Amino acid sequence: MNLDLKSKFVDEFEKFGNSLNGESLTENFQLRKIAFENFKLKGFPTIKNEEWKYTNISFLNKLDFVLSLEEPVTNITKEDIKELLFDDLNENLLVFIDGFYFSELSVIKSELKNGLYIGSISEALKSNLAGIELLGKTIEKSDDSFTHLNNVYYRDGAYINIPENMELTEPIHILNIIDARQNNPFVNTRNLIIAGNNSRVKLVETYHQFGNNSGFSNNITEIIANSDSIVDYNKFQNDDKDLYQVGTTQVIQEKRSVFHGNTVTIKGKFVRNNLNSFLNDEHCESNFNGFYFLDNKDFVDNHTLVDHAKPNCNSNENYKGIIDDEAKAVFNGKIMVWKDAQKTIAYQSNKNILLSDNATVNTKPQLEIFADDVKCSHGATSGNLDETQLFYLRARGISEDKAKALLLYAFSANVIDRITIPVLKENIKRLIAERLNVEVE
Amino acid sequence: MALLKIENLKVNIGEKNILKGLNLEVNAGEVHAIMGPNGTGKSTLANVLAGLDNYEIEGSVLFEGKNLFDLKAEERAREGIFLAFQYPVEIPGVSNANFMKTALNEIRKYRNLDPLDAMDFLQLMKERAALVEIDSTFLSRSVNEGFSGGEKKRNEIFQMAMLEPKLCVLDETDSGLDIDALKIVSNGVNKLRNEKNAFVIITHYQRLLNYIVPDFVHVMFDGRIVRSGGKDLAYELEEKGYDWIKKELNGK
């Protein structure tokens with residue numbers, strides 16, 4: 001029997017409901033049921049869907065994915081995950097394996113007091129912690145297949161609640177491990193981050209696969225940035241396994257909040273990143289930076305949305321990519337400026353360097369503006385390295401290969417330098433320099 | 001052996017003949033000025049020597065007896081040819097320090113020398129920066145990014161001082177410089193002059209030659225050197241203008 005994946009996931013639901021025992025009577029389960037009906041109706045998107053036009057996921061049916069619904073028994077140790085961590089980051093570390101929290105692998109350095117919580121969704125639900133009732137709030141109106149699917153089957157994820165006026169100095173690293181040593185796991189994780197009024201938090205999200213089977217990560221990170229908060233969110237992808245990733249980061253911003261979203265992919269078999277920020281009140285600032293560096297047959301699709309609902313907000317989006325071999329990149333940048341959102345300033349740029357004739361990029365800005373007093377601009381380029389710069393370097397004795405590497409490094413640095421966690425920035429710069437074989441100071 | 005020997009150099013871009021049989025010989029210890037009106041091929045000559053390869057080229061250019069056209073741009077630099085660009089390129093994201101360190105060590109490797117360690121490099125850089133009165137904060141800035149015209153030209157001379165080439169070709173280094181910057185640049189060049197290196201200074205005006213006194217002056221017109229002489233030729237040109245040469249040529 002070879003059912004398509006949608007049917008398989010639909011068939012699984014009844015059994016899943018029974019396995020949850022008590023939960024099937026709760027309100028939470030009703031939400032799963034609604035999501036289930038939606039998923040059943042919609043199924044997985046095809047390239048006929050405008051949002052998935054360049055991103056073909058027909059491979060889904062060919063790989064025998066198994067939903068990860070039970071906490072796995074694992075032999076993964078602290079030693080095993082060491083190399084997945086950044087040097088000297090001094091972070092709070094939350095480790096998830098196949099979508100389940102492993103406290104024995106995690107390290108919480110910050111003292112959990114005055115309302116600060118850094119832990120798991122499952123624990124927060126069990127203990128009915130303050131704020132957990134907001135789970136799902138940012139995606140209420142979403143009608144995306146993967147979001148529905150996540151709503152049906154997520155079991156766990158990170159729950160982080162930063163109380164009012166707190167500046168959390170240690171960053172929080174959410175490390176997601178997909179264990180594909182035995183089978184092909186399909187993992188649905190859900191993170192919720194609440195930044196209280198006037199708080200500050202720095203987040204790092206990474207994904208890694210163990211094993212050479214295929215794995216699928218369908219993640220949703222919900223971020224609520226309350227008034228005057230500053231949220232630094234960094235998604236870093238550097239996995240060379242057969243890992244398929246679809247991730248949605250959904251941000252709601254309140255008055256005067258600032259969101260920095262940095263998305264860096266330097267390796268990825270199949271990556272779809274949705275980064276959506278809803279500016280729900282005045283004087284918000286949203287900065288999206290992205291960098292992708294692809295070779296072989298890597299595929300990365302960055303879909304972004306900045307939704308300006310209220311006046312006097314700024315958004316600034318800067319994505320850059322280097323695409324080599326037969327790799328493919330997609331960038332879709334949507335900016336909505338609603339009628340009330342006067343005095344909006346929205347800027348968007350996507351620049352690509354193609355290093356091979358077989359590399360491709362599809363880039364599409366999408367501006368929908370209903371207000372009349374706004375400043376919006378966008379630009380997209382794709383091309384080769386600048387010949388005059390190359391010649392200038394060569395005329396000083398630098399070989400063509402080294403000159404190219406230097407220029408590519410410089411191209412990336414322009415984005416990476418905007419990362420606001422210095423140690424993380426240096427780690428990522430070093431990884432890029434190593435990949436390009438350039439020496440940096 | 002001449003440091004540089006150019007014989008019957010002809011250069012075309014597509015259908016257009018830019019250089020039409022140019023001859024020039026430069027020996028170590030000499031400073032040559034090449035003057036001439038716009039559009040006579042002066043910058044093309046500079047670019048051809050540096051190794052820009054979008055030209056069709058005939059004739060011969062020997063550098064220390066080696067056929068220049070067998071060498072790539074980077075190999076020419078490593079052999080000791082340096083072009084101070086008329087329009088130095090901005091390279092955001094590459095610091096001056098990293099640029100020079102990479103260049104210097106590539107050249108040292110070519111000459112079978114060990115790379116300079118960080119301390120020695122820093123010391124050298126500070127010393128050479130002082131030569132063209134460049135502030136040390138400039139070294140951590142991106143190459144030419146946001147530099148004024150004068151700063152860019154000073155940076156060219158700084159790079160020249162760092163790499164210690166044998167043949168320095170200055171392509172209109174004086175253009176766009178105010179008198180103070182002109183003095184700084186000239187001063188730098190004069191300090192770098194010695195009996196082992198040579199300079200080819202391409203300029204439109206005689207002004208620069210008040211500060212860098214040439215041994216030879218060549219007048220270029222319509223893709224050829226049409227007259228050569230000592231430094232007095234530059235004064236004559238300044239006085240009579242290029243029309244004087246044009247008339248004389250037409251008269252022949």
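Residues numbered from 1 in each chain as written. Chains lettered and ligands numbered in written order. Predicted model: local features only at pLDDT ≥ 70, side-chain atom pairs only at ≥ 80, totals over all residues.

A. Representation of the overall build of chain B in the model. For chain B, the helix and strand inventory stands at eight helices and twelve strands. The C-alpha radius of gyration computed for chain B amounts to 18 Å, which stays within 12% of the reference 18 Å derived for 252 residues, consistent with globular compactness. Projecting the C-alpha coordinates of chain B onto the three principal axes gives extents of approximately 60 × 40 × 35 Å. For chain B, the residues scored as buried account for 44% of the 252 residues in total. A fraction of 73% describes how many contacts in chain B between residues 6 or more apart in sequence connect residues 24 or more apart. (Helix = DSSP H or I, 4+ residues; strand = E, 2+ residues; numbered from the N terminus. Rg over C-alpha atoms; globule rule 2.2 N^0.38 Å. Buried ≥ 20, exposed ≤ 12 C-beta atoms within 10 Å, placed from the backbone. Contact = placed C-beta atoms within 7 Å.)

B. Seen up close, the domain arrangement of chain A. All names here are of chain A. Split into domains, chain A comes out as domain 1 (5-281) and domain 2 (387-441). Here the C-alpha centroids of domain 1 and domain 2 sit 32 Å apart. Each side of the interface is counted separately: domain 1 has 15 residues, and domain 2 has eleven residues. Those elements giving two or more residues to the side of domain 1 that touches domain 2 turn out to be strand E8 (200-210), strand E10 (230-238) and strand E12 (258-267). Within the side of domain 1 that touches domain 2, the residues separate by chemical class into seven nonpolar, four polar and four charged. (Domains from an automatic or database assignment. Nonpolar A, V, L, I, M, F, W, Y, C, P; charged D, E, K, R; others polar.)

C. Main features of the environment of Ile 107 of chain B. Residue position: Ile 107 of chain B is located in helix H3 (residues 96-110). In this structure the C-alpha to C-alpha distance between Ile 107 of chain B and Ile 91 of chain B, which are 16 residues apart in sequence, comes to 20 Å. When near neighbours in sequence (up to four residues on either side) are disregarded, Ile 107 of chain B contacts Gly 397 of chain A together with Ala 77, Arg 78 and Leu 163 of chain B.

D. Highlighting the interface of chain A and chain B. Counting residues at the interface gives 19 residues for chain A, matched by 23 residues for chain B. Top contributing element to the side of chain A that touches chain B by residue count: helix H7 (residues 400-416) of chain A, with seven residues. Within the side of chain A that touches chain B, the residues separate by chemical class into nine nonpolar, five polar and five charged.

E. Summary view of helix H6 (residues 387-394) of chain A. The buried count for H6 of chain A comes to six of eight residues, which makes it a mostly enclosed element. Restricting attention to buried positions, one finds in H6 of chain A the residues Gln 389, Leu 390, Phe 391, Tyr 392, Leu 393 and Arg 394 of chain A. On its buried face, H6 of chain A is in contact with H7 of chain A together with helix H2 (73-79) and strand E7 (91-95) of chain B.

F. Fine view of the packing of helix H2 (residues 27-42) of chain A against helix H5 (residues 145-153) of chain A. Residues and elements named next belong to chain A. The N-to-C vectors of H2 and H5 enclose an angle of 145°; their axes lie 8 Å apart at closest approach. H5 is crossed by H2, and the crossing has left-handed handedness. From H2, Leu 31, Arg 32, Ala 35, Phe 36, Asn 38, Phe 39 and Lys 42 reach across to H5, where they touch Ser 145, His 148, Leu 149, Asn 151 and Val 152. Within the contact of H2 with H5, the residues separate by chemical class into six nonpolar, four polar and two charged. (Axes fitted to C-alpha atoms, helices over the stretch in contact; angles between N-to-C directions. Left-handed = near helix turned anticlockwise from the far one by under 90°.)

G. Geometry of the sheet that holds strand E10 (residues 198-203) of chain B. Residues and elements named next belong to chain B. Taken together, six strands build an open sheet; the order of strands is E6-E9-E10-E3-E11-E12 and the sheet is mixed. With one partner strand each, in any of the chains shown, strand E6 (81-84) and strand E12 (224-229) form the two edges of the open sheet. In this sheet, adjacent strand axes meet at a mean angle of 20° when their direction is disregarded. Sheet analysis places strand E9 (residues 167-171) next to E10, joined by five bridges and oriented parallel. The residue of E10 that forms the bridge with Asp 171 is Ile 202. (Pairing = 2+ DSSP bridges.)

H. View of helix H8 (residues 422-436) of chain A. Residue and element names in this part refer to chain A. Its 15 residues place the ends of H8 21 Å apart at the C-alpha level, agreeing with the 21 Å of an ideal helix rising 1.5 Å per residue. Among the residues of H8, those classed as buried are Leu 424, Ile 428, Ile 432 and Leu 436. For H8, the angular spread of buried residues about the axis comes to 105°, placing them on one side. Pointing more than 90 degrees away from the buried face of H8 are the exposed residues Pro 422 and Glu 434. Next to the buried residues of H8 lie E8, E10, E12, strand E14 (285-294) and H7. Just downstream of H8 lies Asn 437, where phi reads positive at about 60°. (Expected span 1.5 Å × (residues − 1). Arc of directions from axis to C-beta.)

I. Summary view of the sheet that holds strand E6 (residues 172-179) of chain A. Residues and elements named next belong to chain A. Across the sheet, ten strands lie side by side as E3-E2-E6-E8-E10-E12-E14-E16-E18-E20; this open sheet has mixed pairing. Among the strands making up the open sheet, the edge pair consists of strand E3 (100-101) and strand E20 (375-383). H7 rests against E14, strand E16 (314-323) and strand E18 (345-354) of the sheet, and its axis sits at about 155° to E16.

J. Quick look at the confidence of the model for chain B. Residues of chain B with pLDDT of at least 70 account for 100%, and the chain-wide mean is 93. On the interface metric, ipTM, the complex scores 0.96, and its pTM is 0.91. (pLDDT = per-residue confidence, 0-100.)

K. Highlighting the nonpolar core. Counting residues in hydrophobic clusters, the biggest one holds 183 residues, and the most contacted among them are Leu 94 of chain A together with Phe 82, Leu 167 and Val 169 of chain B. Residues lining this core come from more than one domain, with at least three contributed by each of domain 1 (5-281) and domain 2 (387-441) of chain A. (Core = buried A, V, L, I, M, F, W, Y, C linked by C-beta atoms within 7 Å.)

L. Representation of the pairing of E6 of chain B. All names here are of chain B. Burial of E6 is two-sided: the residues Ile 81 and Leu 83 facing one way and the residues Phe 82 and Ala 84 facing the other way are all buried. Bridging between E6 and E9 involves four bridges; their strand directions are parallel. Across the sheet, the residue bridging to Leu 83 is Val 169, located in E9.

M. Main features of the packing of helix H4 (residues 118-131) of chain B against helix H5 (residues 149-163) of chain B. Residues and elements named next belong to chain B. As a packed pair, H4 and H5 sit with axes 9 Å apart at the nearest point and diverge in direction by 135°. The angle between H4 and H5 places the two elements in the oblique class. Relative to H5, the crossing made by H4 is right-handed. Along the contact surface, H4 presents Met 125, Arg 128, Ala 129 and Leu 131, while H5 presents Phe 158, Ala 161 and Met 162. Of the residues contributing to the contact of H4 with H5, the split by class is six nonpolar, no polar and one charged. (Parallel < 35°, antiparallel > 145°, perpendicular 65-115°, else oblique.)

N. Here's a closer look at the pairing of strand E5 (residues 158-162) of chain A. Residues and elements named next belong to chain A. Among the five residues of E5, five are classified as buried, and the element is accordingly described as predominantly covered. Here E5 shows a buried face lined by Ala 158, Ile 160 and Ile 162 and a second buried face lined by Tyr 159 and Asn 161. Pairing of strand E4 (residues 117-120) with E5 involves four bridges; the strand directions are antiparallel. The residue bridging Gly 119 from the neighbouring strand is Tyr 159, located in E5. Sheet topology note: the E5/strand E7 (residues 184-195) ladder contains four bridges and is parallel. Across the sheet, residue Tyr 159 finds its bridge partner in E7, namely Leu 192.

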